[in-house]
There are 2 protein chains.
Amino acid sequence: MNIPKSSFPRVVIVGGGFAGVALAKKLSGKEVQVVLLDKNNYHTFQPLLYQVSTGGLEPDSIAYPIRKILQDYPNFFFRMAEIQQVQTSDQKIITNIGSLSYDHLVIAAGSETNFFGNTEIEKNGMAMKSIPQSLNLRSMILENFEQALLTDNLHERDALMNFVIVGGGPTGVELAGALAEIKKGILPKDYPDLDTRRAQINLIQSGDRILKEMSENASKKAEDFLESLGVQIWKNTRVTSYDGKKVTTKTDLEFEAATLVWAAGVKAVSIKGLDAQEILKPGNRLQVNEYNQVQGYENIYAIGDIACMAKEDTPRGHPMMAQPAIQQGRHLGDNLVRLLEGKKMEPFIYKDKGSMATVGRNKAVVDLKNYKFQGVFAWFVWMFVHLFFLIGFRNRMIVFVNWVYNYVRFDREARLIIRPYQRDYSRFKE
Amino acid sequence: MNIPKSSFPRVVIVGGGFAGVALAKKLSGKEVQVVLLDKNNYHTFQPLLYQVSTGGLEPDSIAYPIRKILQDYPNFFFRMAEIQQVQTSDQKIITNIGSLSYDHLVIAAGSETNFFGNTEIEKNGMAMKSIPQSLNLRSMILENFEQALLTDNLHERDALMNFVIVGGGPTGVELAGALAEIKKGILPKDYPDLDTRRAQINLIQSGDRILKEMSENASKKAEDFLESLGVQIWKNTRVTSYDGKKVTTKTDLEFEAATLVWAAGVKAVSIKGLDAQEILKPGNRLQVNEYNQVQGYENIYAIGDIACMAKEDTPRGHPMMAQPAIQQGRHLGDNLVRLLEGKKMEPFIYKDKGSMATVGRNKAVVDLKNYKFQGVFAWFVWMFVHLFFLIGFRNRMIVFVNWVYNYVRFDREARLIIRPYQRDYSRFKE
């Protein structure tokens, strides 16, 4: 990789997500050369992917060009590249566009959908961790309804209008709520020649409550909200397989459904060269100390979803969410500056700012440290916080315009099959 | 195709572009059953495709769900389908989702890029007539610059930053202008480690002036605008071939360029069953009479780009643009209503409202019947007219926000490679 040599030490950041971007911003104007790598040329605001899938937002409004973020920072370099291996012996990383030496290496490569080894679900189910995946899901949902119009077989038609969402975390809850609103507000108008009341949205949760990382109150209220929207919640239910048509579970319960969305788990992206047994924690995450240094290394750090800072008070590390990623990125930035100035690094302390999830219009749940609330106000707080953390003034404006429009008009106009998912529907004829 | 029978006569409209949608709106609430078919579930606002390609707009803002347009019209049916054949013998059309009988058939299937049989250019060049094509071009432009960073071979790097646009009509002119503005305002900031001054934008025109359908004044001024932005205009030049790397012309002139955009012609989409020699006019268009009836048929009509109303005063039919399509759609709607009421149809008379093209910020040319002007005011008129004809309040708002942002900030933030074009760059290594 032809990055010019610099007299400053080189910090290589792998990944332009929340953690990587927060770190990069902190290193702006400091005496380091920063090389940021990402396989995409854009940063993805993952919390709003479900709105892209459900036609509420355009993908471009939750993506931001990484080069634009780094535009005003001298001594910054960006390359679109995928990491293939870390070669700790000679302080190099190998990527698909060549190798690069580092003085400090920061792994911020994030997480991906965890199918827990179930290849059949991986093959036939849909994931929603990236913009292309979300657009595929958007296309597939719309294609299913177009397809449902073409059959006289009621059994087949029901399967095409049956959605099974596995995983009762924020992603599953938000997607289920959005689909339920579409069923209620848009489908009857868009498909007057289809009995869309028969469409089903099933949310499946392995444990005994949804949003299990939140308060019991939030879980309860979210369940009420979902049920009021007509979502069927199946608790204590484990999905075992999906052949693209039939969803089986550990019990007798089965679903005939054209769409299964798998939102039941994430795992850290694997980094070759940093995969020694003593480093790897559950979910593939890398064990780091309180300075985010990867176990056994002084100049290799991990931040965000991929880092597991397992200590007494946080035995499973921090939650794999935006907040810890942003905080770790900023903190590591400050620590690297301290290092450059010959000072001591300071340990990372996570400030839990609470968590929230939205179900639908005027329906959200918010857990702050001392204050938990649900409903209309929670929903406005949810929107405000998401607009605030979105990168870029234009994106905020576009998302805001969409939200106001969708709210006033009970609509979602980005229901466009721009690139068909092109599923083979022949199996539903069997 | 399972469309319910109706006591009203059935009008089948093939194509949801400007013409088809204008017609459908006119038939709302009338005593007909309308079935609209389109291969996409959205209407495309083609005049702004070049802004999608150049990162100024998101694709979702110039697309509009056809089902949404038809939502409030009872007795309207929409199907995502591609027409395969017209069977005039038994008044049926054959599509990829089955056959459908008609009482009145309206062909509004539009036009596609015309490569004039040059398969090598078709294979290696880029077209820009649909949203997926425009997104492919967007990805490719950005990928070329990312790729240019990876090579030390100056020759190769120049080819990757060299853009050849063939065709000096509005599409070619607008794309060239947008690329020139990107070169000037965005590339130096996004690619500080690349000498983007070496990027070239070449506009090739076979005739002796660009925008040849407009006034000489408009052509001259557009050329001045483009040259002031650094676009190289090559007039009286015919491109003969392109192997993905080298553009050859009829003379000694050659270009080494990674990107060739073919905007040098369109032709009507072919409709099997309506392809008798006596119907077909140049560019594959269907000869229609002044009621838009396809020659030889009483109940088959063609409107928009695909129709050629060749008469004494319009020997080559009307221009293949939005305005004639909208006017013909509306006019045919009125005529069909007249028919239903047992009245006589009225002949179509085209009202030429003028034409316009934009080159860049504050730079456009407008030809009205009695008033021709260029520059800042023309540019505002161009924007106003395009916003006006865009379908949907949300789309207008989003486009407006983008334009204001882009104007104030000299920026285009949708420079996102959401789905890579995934070109094979190995040929540039040769």
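Bear in mind the structure is a predicted one, so any value in this text is a computation, not a measurement.

**Thoughts on the relation of the copies chain B and chain A**
- For the pair chain B and chain A, the superposition axis carries a translation of 0.0 Å, the fit reaches an RMSD of 0.0 Å, and the rotation angle comes to 180°. The superposition operator between the copies reduces to a two-fold rotation axis. Measuring from the rotation axis to each C-alpha of chain B, the shortest distance belongs to Ile-398 of chain B, at 3.1 Å.
- Both copies share a contact surface, since 100% of the interface residues of chain B are interface residues in chain A too.

**Quick word on the domain arrangement of chain A**
Residues and elements named next belong to chain A.
- Domain parsing of chain A yields domain 1 (10-113 + 266-340) and domain 2 (119-264 + 356-429).
- Domain 1 and domain 2 are separated by 29 Å when their C-alpha centres are compared.
- If you look at the interface, domain 1 gives 32 residues, while domain 2 gives 35 residues.
- Of all residues in domain 1, Tyr-50, Ser-53 and Thr-54 give up the largest surface area on contact with domain 2, accounting jointly for 22% of the area buried on that side.

**Digging into the pattern of salt bridges**
All names here are of chain A.
- A full pass over the atoms with the stated rule returns 38 salt bridges over all chains.
- Among the ionic pairs, Glu-223 bridges to Lys-235, the shortest N-O distance being 2.7 Å. Separated by 12 residues along the polypeptide, Glu-223 in helix H9 (residues 216-228) and Lys-235 in the loop between strand S13 (232-234) and strand S14 (239-242) bring together distant segments of the chain.
- By relative accessible area, which is 8% here, Glu-223 ends up buried.

**A word on the interface of chain B and chain A**
- Tallying the contact residues gives 48 residues for chain B and 49 residues for chain A.
- Taken together, both faces of the contact between chain B and chain A bury some 5,000 Å²; the carbon and sulfur share is 54%.
- It is Arg-67, Arg-394 and Arg-419 of chain B that lose the most area in chain B upon contact with chain A, and together they represent 15% of the buried surface on that side.
- Along the contact surface separating chain B from chain A lie 14 salt bridges.
- A salt bridge links Arg-394 of chain A to Glu-58 of chain B; the shortest N-O distance between them is 3.2 Å.
- Every element with two or more residues in the side of chain B that touches chain A is listed here: strand S4 (63-65), helix H3 (66-70), strand S5 (76-80), helix H5 (131-148), helix H8 (187-190) and helix H12 (393-409) of chain B.
- At 8 residues, H12 of chain B tops the list of elements feeding residues into the side of chain B that touches chain A.
- Taken together, the residues of the side of chain B that touches chain A break down into 25 nonpolar, 6 polar and 17 charged.

**Quick notes on unusual backbone geometry**
- Phi is positive for Asn-362 of chain A, close to 65°, though the residue is something other than glycine.
- Along the chain, Asn-362 of chain A turns up in the loop between strand S22 (355-360) and strand S23 (363-367).
- Residue Phe-410 of chain B is not a glycine yet carries a positive backbone phi of 50°.
- Relative to the assigned elements, Phe-410 of chain B resides in the segment after H12.

The rules behind each value
Every residue gets a number counted from 1 within its own chain, in the order that chain's sequence is written. All chains are assigned letters beginning with A, and all ligands numbers beginning with 1, in the order in which they are written. Given that this is a predicted model, residues contribute local features only at a pLDDT of at least 70 and side-chain atom pairs are listed and counted only at 80 or more, while totals for whole chains, interfaces and linings are drawn from all residues. Excluded from the side-chain calculations are hydrogens and water; all other atoms, namely the structure's heavy atoms, are used. For this overlay, a least-squares fit was computed on C-alpha atoms, restricted to residues scoring pLDDT of at least 70 in both copies. Two residues form a contact once any of their heavy atoms are found within 4.5 Å. The start and end points of each domain follow an automatic or database-based domain assignment. Summed over both partners, the accessible surface that disappears when two parts come together, traced with a 1.4 Å probe, is what is meant by buried area. Salt bridges, as used here, are contacts in which a Lys or Arg side-chain nitrogen is within 4 Å of a carboxyl oxygen on Asp or Glu. Helix and strand definitions here come from DSSP, where helices need a minimum of 4 consecutive H or I residues and strands a minimum of 2 consecutive E residues; each element is numbered from the N-terminal end. Buried residues are those whose accessible area, probed at 1.4 Å on protein chains only, stays under 20% of the maximum for their type, while exposed residues exceed 50% and partly exposed ones sit between those limits. Gly falls in the polar group here, along with every residue not listed as nonpolar (Ala, Val, Leu, Ile, Met, Phe, Trp, Tyr, Cys, Pro) or charged (Asp, Glu, Lys, Arg).

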